[in-house]
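Here is what each chain is made of, one letter per residue.
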Amino acid sequence: MTLQEELAFLDRYLALLQQRFGDGIQVMIADEVAQLQGKLPPAALQMLIENAIKHNEHTKERPLVIDVTAEGQHISVSNRKQPITTAESTSVGQHNIVERYRLLTSQKVTISNTQDEYRVTIPLIPIER
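My aim in this report is to walk through the structure given alongside it, one point at a time. (Residues numbered from 1 in each chain as written. Predicted model: local features only at pLDDT ≥ 70, side-chain atom pairs only at ≥ 80, totals over all residues. Heavy atoms only, no water.)

With respect to burial, strand β3 (residues 74-80) is a largely interior element, five of its seven residues being buried. Note: strand β2 (residues 64-71) against β3, six bridges, orientation antiparallel. Within β3, the residue paired with Ala 70 across the bridge is Ile 75. Hairpin remark: β2 followed by β3, antiparallel, with two residues in the connecting loop; positive phi at Gly 72, about 65°. In this sheet, strand β5 (residues 117-123) lies alongside β3 in antiparallel orientation, the contact comprising seven bridges. When the bridges of β5 are listed, Arg 80 appears paired with Glu 117. (Buried < 20%, exposed > 50% of the residue type's maximum accessible area, 1.4 Å probe, protein only. Helix = DSSP H or I, 4+ residues; strand = E, 2+ residues; numbered from the N terminus. Pairing = 2+ DSSP bridges.)

In structure tokens, the structure reads:
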């Protein structure tokens, strides 16, 4: 799926999130992301956003802000950690993304999990002409 197709899909998904959670979830997509060219595994960005929502508190009083940024030919999805104490992590979503990339390319997914922030950086797969 091209990045532009993925972003169009993500836009529809974010509209549903807005209806469900209102201002409790804010997804900020940097302008430069749309300028990149490449492919992603289908629904990769959606899965990363779902993962952030699953593991973090998100209320109107304490909204979850998810940033989608570009770093060269990579896209990062990050959020400040607001852990939900009842959410058990099975790491299935994270493993799924890593495994899909392993099957499609030799490029690696980078996961940064600090005390304050969780960030997953995924490479764009070049479009073959």
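From this point, the discussion proceeds with the structure in view.
Structurally, Ser 78 can be placed in strand β3. Owing to a relative accessible area of 3%, Ser 78 belongs among the buried residues under this scheme.

Here the focus is the nonpolar core. Counting residues in hydrophobic clusters, the biggest one holds 33 residues, and the most contacted among them are Ile 49, Ile 66, Ile 75 and Ile 122. Those elements giving two or more residues to this core turn out to be α1 (3-21), β1 (25-29), α2 (44-55), β2, β3, α3 (92-104) and β5. Ranked by residues supplied to this core, first place goes to α2 with seven residues. When near neighbours in sequence (up to four residues on either side) are disregarded, Ile 49 contacts Leu 10, Tyr 13, Leu 14, Leu 17, Val 27, Ile 66 and Val 77. (Core = buried A, V, L, I, M, F, W, Y, C linked by side-chain atoms within 4.5 Å. Contact = heavy atoms within 4.5 Å.)

Mapping Thr 85 onto the fold places it in the loop between β3 and α3. Once the C-alpha coordinates of Thr 85 and Leu 3 are considered, the two residues, 82 residues apart in sequence, prove to be 34 Å apart.

The subject of this paragraph is α1. The end-to-end C-alpha separation of α1 is 25 Å, in line with the 27 Å expected for 19 residues at 1.5 Å each. Of all the residues in α1, the buried ones are Leu 3, Glu 6, Leu 7, Leu 10, Tyr 13, Leu 14 and Leu 17. When α1 is viewed along its axis, its buried side chains cluster within an angular range of 125° and face the same direction. Away from its buried face, by an angle of more than 90 degrees, α1 presents the exposed residues Asp 11, Arg 12, Leu 16 and Gln 19. (Expected span 1.5 Å × (residues − 1). Arc of directions from axis to C-beta.)

What follows deals with the packing of α2 against α3. At a minimum axis separation of 10 Å, α2 and α3 run at an interaxial angle of 160°. As judged from the angle between their axes, α2 and α3 are roughly antiparallel. The handedness of the crossing between α2 and α3 is left-handed. Each of Ala 44, Met 47 and Leu 48 in α2 lies in contact with α3, whose residues at this interface are Gly 93, Asn 96, Ile 97 and Arg 100. (Axes fitted to C-alpha atoms, helices over the stretch in contact; angles between N-to-C directions. Parallel < 35°, antiparallel > 145°, perpendicular 65-115°, else oblique. Left-handed = near helix turned anticlockwise from the far one by under 90°.)

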